[in-house]
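Breakdown of the fold
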Amino acid sequence: MNQKINVTVWDEAEGAIGPYPQGIYTAIADFIKASGMFGEVRVALQPQPEHGLTEELLNDTDVLVYWAHSYHHKVEDGIVERIRQRVIKGMGLILLHSAHASKIFQRLVGAEPWKLRWRDVGERERVWKIEHNHPITAGVPEYFDVPNSEMYGEHFCIPAPDELLFISWYEGGEVFRSGCTFKRGAGRIFFFSPGHETFPIYYMPEVQRIITNAIKWAAPVEYPVITDWQQPFEPPKRSVTA
């Protein structure tokens with residue numbers, strides 16, 4: 001795209017939480033702005049009217065970054081359908097942490113969100129990059145450690161991703177498909193699980209790099225308009241002789 005990518009960061013709650021005195025949404029929006037790679041970076045919150053996701057805002061959003069953990073049931077079905085329609089028409093969607101259990105992930109991807117292993121004891125997570133030639137993994141080391149994390153483990157009941165970019169390993173021995181892509185309609189979707197609210201994971205440069213890479217990857221693609229169509233090829237006629 002020639003124009004700057006407009007980004008909206010959505011969060012299910014408002015206010016301080018864990019190591020984020022101004023909210024997770026502010027921490028995420030701040031590093032997206034600081035990258036200098038994007039256009040407008042806005043914040044929308046679930047407690048706001050229409051969950052902050054008005055038709056006007058979504059129509060001016062190229063990529064929606066969606067963080068959620070516990071309040072999926074509070075998101076109105078009409079707003080979920082509004083997001084789905086925008087993704088089908090080309091808006092990118094970045095789903096963070098427990099957004100795998102969100103209504104929009106279920107509706108777009110067909111996930112059964114609670115069918116996974118889960119434990120929250122602050123153990124180490126090692127995130128392995130398994131696809132080395134993808135725009136989302138560019139500049140990310142072969143692996144990096146999250147010192148304290150919430151464990152999500154297989155089996156993770158989702159359809160097979162279009163691309164599997166990251167796999168996480170935890171101290172308890174579990175593994176998890178922690179970075180996956182999907183395409184629905186004209187829209188690109190990236191799910192990335194590290195980011196529990198009680199740990200400062202979104203301050204990590206590797207995590208920030210992955211999310212900013214994902215925003216660029218998920219932005220709508222502008223295809224050139226072809227005006228000089230060629231006539232269909234017709235093979236020469238052959239005469240048939242007796």
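Please refer to the structure higher up on the page.
Analysis parameters
All residue numbers refer to positions counted from 1 along the written sequence of the respective chain. For this predicted model, a pLDDT threshold of at least 70 governs which residues receive local features, and a threshold of 80 or more governs which side-chain atom pairs are given and counted, while totals over whole chains, interfaces and linings are taken from all residues. Calculated side-chain values reflect all of the structure's heavy atoms, with hydrogen atoms and water omitted. Secondary structure counts use DSSP, requiring at least four H or I residues in a row for a helix and at least two E residues in a row for a strand, with both numbered from the N terminus. Classification of residues uses two cut-offs on accessible area relative to the type maximum, computed with a 1.4 Å probe and protein chains only: under 20% is buried, over 50% is exposed, and between them is partly exposed. Residues count as neighbours in contact if any of their non-hydrogen atoms are within 4.5 Å of one another. Residue burial considers only the protein chains on display, and all accessible areas are found by Shrake-Rupley using a 1.4 Å probe. In this description, a nonpolar core means a group of buried Ala, Val, Leu, Ile, Met, Phe, Trp, Tyr and Cys residues linked to one another through side-chain atoms lying within 4.5 Å. In this analysis, the expected span of each helix is defined as 1.5 Å times one less than the number of residues it contains. In this description, the arc belongs to the directions extending from the helix axis to the C-beta atoms. A pairing counts as a salt bridge when a side-chain nitrogen of Lys or Arg comes within 4 Å of a carboxyl oxygen of Asp or Glu. In this charge count, Lys and Arg are treated as positive and Asp and Glu as negative; neither His nor the chain ends contribute. Under the rule applied, a polar contact is a pair of N or O atoms within 3.5 Å (in protein, one hydrogen donor and one hydrogen acceptor; residues adjacent in sequence only if both atoms are side-chain atoms). Only strands that DSSP links by at least two bridges are regarded as paired with each other. Axis lines are fitted to C-alpha atoms, over the contacting stretch for helices. Their N-to-C directions set the angle, which ranges from 0 to 180 degrees.

Observations concerning the overall build of the protein
Of regular secondary structure, the protein possesses five helices and nine strands. When the helices and strands of the protein are read in sequence order from the N terminus, they spell out β-α-β-α-β-α-β-α-β-β-β-β-β-α. For the protein, buried positions account for 50% of its 242 residues. Within the protein, contacts between residues at least 6 apart in sequence are counted, and of these 70% link residues at least 24 apart. As displayed, the protein offers around 12,100 Å² of accessible surface, 51% of which is attributable to carbon and sulfur atoms.

Re the environment of Asn 59
Along the chain, the position of Asn 59 falls in helix H2 (residues 55-59). Separated by 27 residues in sequence, Asn 59 and Arg 86 place their C-alpha atoms 7.4 Å apart.

Describing the nonpolar core
One finds Ile 32, Phe 190 and Ile 215 to be the most contacted residues of the largest nonpolar core, which totals 40 residues. The residues contacting Ile 32, other than those within four sequence positions of it, are Val 7, Val 9, Phe 38, Val 41, Val 65 and Ile 215.

Considerations on helix H5 (residues 205-218)
Because an α-helix packs 3.6 residues into every turn, residues spaced three or four apart end up facing the same way. If you check H5, its first and last C-alpha atoms are 20 Å apart, about what 14 residues at 1.5 Å a residue would give, namely 20 Å. Turning to H5, its buried residues are Val 207, Ile 210, Ile 211, Thr 212, Asn 213, Ala 214, Ile 215, Trp 217 and Ala 218.

Comments concerning helix H3 (residues 77-88)
Here H3 is 12 residues long and its end C-alpha atoms lie 16 Å apart, about the 16 Å a rise of 1.5 Å per residue gives. Restricting attention to buried positions, one finds in H3 the residues Ile 79, Val 80, Ile 83, Arg 86 and Val 87. Viewed end-on, H3 has its buried residues packed into an arc of 125°, placing them on one side of the element. Its buried side turned inward, H3 meets H2, strand S3 (63-68), strand S4 (92-97), helix H4 (103-109), strand S8 (175-184) and strand S9 (187-192).

Focus: the pattern of salt bridges
Using the criterion set out here, one finds 11 salt bridges in the structure. Note that Glu 81 and Arg 107 form a salt bridge whose closest N and O atoms lie 3.5 Å from each other. Taken as a pair, Glu 81 in helix H3 and Arg 107 in helix H4 lie far apart in primary sequence, 26 residues in all. A relative accessible area of 37% places Arg 107 in the partly exposed class. Linked by salt bridges that have partners in common, Glu 40, Arg 42 and Asp 60 make up one network.

Here's the deal with the side chain of Glu 12
Within the secondary structure, Glu 12 sits in the loop between strand S1 (7-11) and helix H1 (24-34). Look at Glu 12: it is buried, it has no salt bridge, and the nearest opposite charge is Lys 74 at 8.7 Å. Only 3.0 Å separates the side chain of Glu 12 from the backbone nitrogen of His 69, close enough to count as a polar contact.

A few points about the side chain of Glu 174
Mapped onto the elements of the fold, Glu 174 is located in the loop between strand S7 (163-170) and S8. Classification of Glu 174 by relative accessible area gives buried; the value is 17%. At a separation of 2.9 Å, a polar atom in the side chain of Glu 174 contacts the side chain of Arg 119. Ignoring anything within four residues of it in the chain, the contact list for Glu 174 reads Arg 117, Arg 119, Met 151, Gly 153, Ser 168 and Trp 169.

Overview of unusual backbone geometry
The phi torsion at Glu 50 lies on the positive side, around 55°, for a residue other than glycine. Mapped onto the elements, Glu 50 comes out in the loop between strand S2 (41-45) and H2. With a phi close to 55°, His 97 is a non-glycine residue in the positive phi region. Looking at the secondary structure, you find His 97 in strand S4. Residue His 97 is classed as buried on the basis of its relative accessible area, which comes to 2%.

Digging into the sheet that holds S4
Spatially, the nine strands line up as an open sheet ordered S2-S1-S3-S4-S9-S8-S7-S5-S6, and their pairing is mixed. Taken across any chain shown, the strands that pair with only one partner, and hence form the sheet edges, are S2 and strand S6 (143-153). Pairs of neighbouring strands in the sheet enclose a mean axial angle of 25°, with direction left out of account. Here S3 pairs with S4 via six bridges, running parallel. Pairing of Tyr 66 across the sheet is with Leu 95, part of S4. Contacts from H1 reach S1, S2, S3 and S4 within the one sheet, and its direction differs from that of S1 by about 160°. Set on the sheet, H5 makes contact with S1, S3, S4, S6, S7, S8 and S9; between it and S9 the angle comes to about 165°.

Remember that the coordinates give geometry; whether it matters functionally is a separate question.
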